[in-house]
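A structural walkthrough
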Amino acid sequence: MALCKRRVVQRKTRKVDLRMVAGPGPIGTNILQELNQADTLLLGRKTWQTHAEAFEPAEGDPFADVLNNLRKYVVSTTLKSAAAW
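Parameters at a glance
- Residues numbered from 1 in each chain as written.
- Predicted model: local features only at pLDDT ≥ 70, side-chain atom pairs only at ≥ 80, totals over all residues.
- Heavy atoms only, no water.
- pLDDT = per-residue confidence, 0-100.
- Contact = heavy atoms within 4.5 Å.
- Salt bridge = Lys/Arg side-chain N within 4 Å of Asp/Glu carboxyl O.
- Helix = DSSP H or I, 4+ residues; strand = E, 2+ residues; numbered from the N terminus.
- Buried < 20%, exposed > 50% of the residue type's maximum accessible area, 1.4 Å probe, protein only.
- Patch = residues over 30% accessible without salt bridge, like charges linked within 9 Å, V, L, I, M, F, W, Y side chains within 5 Å.
- Areas by Shrake-Rupley, 256 points an atom, 1.4 Å probe, with all protein chains shown as cover.

Points about the confidence of the model for the chain
Mean pLDDT over the chain works out to 76, with 72% of the residues at or above the 70 mark. Note that pLDDT drops below 50 for residues 1-16; the model gives that stretch 39 contacts with residues more than four away or on any other chain.

So, the pattern of salt bridges
Counted by the stated rule, this structure contains 1 salt bridge. Its salt-bridge partner being Asp 39, residue Arg 71 comes within 3.8 Å of it at the nearest N-O pair. Linking Arg 71 in strand S4 (residues 71-75) with Asp 39 in the loop between helix H2 (26-37) and strand S3 (40-44), this pair joins segments that are 32 residues apart in sequence. Accessibility expressed as a relative area gives 44% for Arg 71, which makes it partly exposed.

A word on a nonpolar patch on the surface
On the surface, a nonpolar cluster with roughly 350 Å² of combined accessible area is contributed by Leu 42, Tyr 73 and Val 75. Residue placement: Leu 42 occurs in strand S3.

Below, the structure written as structure tokens:
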């Protein structure tokens, strides 16, 4: 069973398939286990934006639910606010 539904995010001219990060198998399982032990994420602006687009609308998905409920700190000199996700 997949931990995350397939999410494809357009990023400039290439596509990033976030299913590869949270898909079935040992890598996805290990990532989910580590995230379940975390209370905060530290992200750069681009990673924050990419993850927000992919996981915020995925409520009910185990991997997305963990990410959506973690506190997030975003490091950026250009982002005005990170309150959206």
